Amino acid sequence: MSKQTLSFQAEVAQLLKLVTHSLYSNPDIFLRELVSNASDACDKLRFEGLNNAELYEDAPNLEVRVSFDKTAKTITITDNGIGLSQIDAVEHLGTIAKSGTRDFMAKLSGDQKNDAQLIGQFGVGFYSGFIVADKITVESRRAGLPASEAVRWTSAGTGDFEVETIERAERGTSVILHLKDDASEYLNTWKLKGIISKYSDHISLPILMRKEEWKEGENDQPGEMVTSDEWETVNQAAALWTRAKKDITQEQYDEFYKQISYDNQSPLASTHNRVEGATEYTQLLYIPAKAPMDLFNRDKAAGVKLYVKRVFIMDDAQALLPVYLRFVKGVVDSSDLPLNVSRELLQESRAVKAIREGCTKRVLSMIEDLATNEPEKFASFYAEFGAVLKEGLGEDFANRERLAKLLRFSSSTTDTVSVGFADYKGRMKEGQDAIYYITADTQAAGKNSPQLEIFRKKGIEVLLMTDRVDEWALNYLHEFDGTPLQSVAKGAVDLGKLQDEDEKKAAEEAQTQFKPMLDRLKEALKDKASDVRATTRLVDSPACLVVQEGDMSTQLARMLKQAGQAAPEVKPILEINAQHPLVKKLEGSDHFDDLAHILFDQALLAEGGLPDDPSAYVKRVNALLV
Ligand code: ADP
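So, here's what we can say about the structure. Quantities reported herein were computed from a predicted structural model and do not represent experimental measurements.

## Observations regarding the sheet that holds strand β15 (residues 410-411)
Point 1. Across the sheet, which stays open at both edges, the five strands sit in the order β15-β17-β16-β19-β18 with mixed pairing between neighbours. Both outer strands of the open sheet, β15 and β18 (479-480), are each paired with one neighbouring strand and no more.
Point 2. Taken together, the two bridges between β18 and strand β19 (residues 483-487) define a ladder with antiparallel strand orientation. Considered in β19, the bridge of Glu479 is made with Pro484.

Given below as structure tokens:
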């Protein structure tokens with residue numbers, strides 16, 4: 001191929017502009033990105049080499065070399081990994097393939113400050129070279145191809161790039177950065193070494209640099225440090241997770257997290273363990289500080305990378321954690337799985353099942369530890385991920401009790417989301433035999449709901465459940481530590497021993513005394529209510545709606561409908577407060593039907609719903625007002 005000039009894909013040109021304009025605040029990252037690409041290229045060779053040993057071409061030791069030339073003002077990063085063919089060079093270095101980077105491009109705004117932050121989250125890979133270079137040359141030969149089929153790619157990082165065929169004996173890639181004038185500080189061994197140990201220590205291959213030597217000065221001239229021809233390894237060259245915990249600093253753990261997660265914040269917590277026994281593996285798992293925007297997408301890529309005996313196998317290995325822990329990031333390195341493990345195989349493997357159980361337990365311990373020892377961090381964790389954790393009640397039966405202990409809610413007496421079932425139990429009234437809760441759209445709607453009136457009067461705490469997932473999740477949790485959970489909006493209210501004999505008698509009497517009126521109401525509302533009955537649960541409100549035990553709450557049915565999903569028609573029961581003046585007025589009223597409908601619609605409004613026919617409701621109320 002003779003020399004050709006080609007244009008970058010439009011997004012690349014855009015990205016390049018941004019890289020050079022926004023990333024100057026942390027130029028060091030160029031080296032991290034290029035070393036990481038070099039390491040990926042070696043991983044790829046190792047992987048392809050499993051089935052085709054010839055690719056190693058008698059150079060089995062994979063490594064990365066970083067060197068610089070003060071006179072030419074260049075830095076060169078060379079790897080002997082898989083290399084690029086001519087087509088690869090055009091396709092991979094001229095377009096953006098990675099979806100993360102594409103998403104990032106979609107989010108671009110004109111605000112450069114914001115963008116600089118965003119860019120940090122996604123990592124810009126190869127193009128970050130242009131932060132410090134005004135020209136980049138890539139020379140590469142794909143493993144297995146003849147020396148005559150190597151490629152040179154050159155670009156100044158503006159609109160286009162050049163490619164041409166060259167001769168290259170060595171397999172792999174050299175990236176040559178022609179430094180900008182203001183980037184000469186990088187032509188220095190200590191500077192480069194410092195960046196490598198900060199960002200790339202855990203890279204499992206050796207990163208080599210030329211040794212520095214002290215050269216005596218001649219004729220009374222001062223001596224100086226010069227680079228020798230001898231190479232030395234400048235990183236730890238051991239994957240971070242393979243090192244002993246005591247040899248890893250918090251900063252290294254955090255830095256590793258940032259690299260695998262593309263998050264620019266430090267994680268909230270981490271756990272690192274080597275598991276021995278029937279299945280052997282190492283896990284290094286993190287809980288991020290903030291939830292991603294797509295947290296509620298259950299199909300989203302999982303965050304755990306799978307390695308087998310240090311060989312990278314796949315990103316987002318979903319089989320390694322249950323879906324409700326999808327926010328966890330990290331690495332699992334197994335000694336038992338075959339290297340050619342596929343996603344399908346992962347689903348069936350017994351070793352994977354054991355790993356999943358082990359990882360789940362570890363993550364739960366990590367959260368329990370926060371709950372016990374670091375309440376502030378736990379509160380922040382819960383605000384970000386609490387709703388997702390609840391999905392576990394329906395998904396992970398084996399750990400249901402552990403999960404239940406971690407849940408927190410607000411309540412009729414506590415505004416912050418901080419009440420656990422155990423706290424609640426500790427505060428239960430003498431004679432109370434259930435944990436009471438109400439599901440509602442919002443905390444205010446729950447707290448002011450008419451259903452709570454009797455509980456407030458009796459000083460009984462009621463948990464407020466306002467997450468979308470609550471009602472569904474609670475289907476799977478019927479009791480906590482032997483105490484049943486009872487929705488105050490389902491079934492007849494039975495406060496058991498908390499109600500005295502007089503109150504029970506009054507309730508029964510009301511039922512008989514008001515029977516004729518209840519029957520009339522039932523007839524008037526037969527299209528809306530499945531039943532009408534007198535209740536003792538109301539104190540200030542005239543009426544409220546409840547559903548049968550076991551029915552979907554009106555609130556969940558409403559939510560499903562709003563989301564465009566099928567929901568069963570729930571015909572609620574109208575409960576009325578026979579002591580209320582409005583109800584008393586009903587008896588002899590000429591507007592019985594209208595009042596009946598108003599009563600029903602108001603009960604619906606009180607719990608955050610809307611009358612089926614709002615204008616009919618308004619007309620009825622207005623008719624009474626004039
Ligand atoms: P990515 O995040 O995919 O690594 P980059 O922009 O950093 O994105 O690189 C684009 C692609 O170029 C890589 O996916 C890879 O295919 C190729 N590439 C980059 N550096 C090297 C290298 N040193 N050896 C082989 N291929 C490379």
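## Quick notes on helix α7 (residues 250-261)
Note: α-helices contain 3.6 residues per turn, so residues at a spacing of three or four share the same orientation.
Point 1. The terminal C-alpha atoms of α7, which comprises 12 residues, lie 16 Å apart, in line with the 16 Å expected from a rise of 1.5 Å per residue.
Point 2. Where α7 is buried, its residues touch α2 (29-49), α6 (189-199), β10 (269-275), β11 (281-287), β12 (303-308) and β14 (329-334).

## So, the packing of aromatic side chains
Point 1. Here the structure, examined in full by the defined rule, presents 20 aromatic pairs.
Point 2. Note on Phe8 and Tyr127: the rings are 6.4 Å apart at their centroids and 80° apart in plane angle, and the pair reads as edge-to-face. Of this pair, Phe8 sits in the loop between β1 (4-7) and α1 (10-22) while Tyr127 sits in the loop between α5 (112-122) and β4 (133-141), and the two are 119 residues apart along the sequence.
Point 3. Exposure remark for Phe8: the relative accessible area of 8% places this residue in the buried category.
Point 4. When its relative accessible area of 6% is taken as the criterion, Tyr127 is described as buried.
Point 5. Here the guanidinium or amino end of Arg65 rests over the ring plane of Trp231, the centre of that ring lying 4.6 Å away.

## A few points about the side chain of Gln283
Point 1. With respect to the helices, strands and loops of the structure, Gln283 is situated in strand β11.
Point 2. Here Gln283 is in contact with Thr271, His272, Asn273, Val275, Val331, Val332, Gly358, Cys359 and Arg362, once residues within four sequence places are set aside.

## A word on unusual backbone geometry
Point 1. Located in the positive-phi region is Asn219, a residue other than glycine, with phi close to 50°.
Point 2. Exposure remark for Asn219: the relative accessible area of 71% places this residue in the exposed category.
Point 3. With phi around 65°, Asp220 is a residue other than glycine that occupies positive phi space.
Point 4. Taking relative accessible area as the criterion, Asp220 reaches 81% and is therefore assigned exposed.

The rules we used
Residues numbered from 1 in each chain as written. Predicted model: local features only at pLDDT ≥ 70, side-chain atom pairs only at ≥ 80, totals over all residues. Heavy atoms only, no water. Pairing = 2+ DSSP bridges. Helix = DSSP H or I, 4+ residues; strand = E, 2+ residues; numbered from the N terminus. Expected span 1.5 Å × (residues − 1). Contact = heavy atoms within 4.5 Å. Phe/Tyr/Trp six-rings, centres within 6.5 Å; stacked < 30°, edge-to-face > 60°. Buried < 20%, exposed > 50% of the residue type's maximum accessible area, 1.4 Å probe, protein only. Lys NZ or Arg CZ within 6 Å of the ring centre and 35° of its normal.

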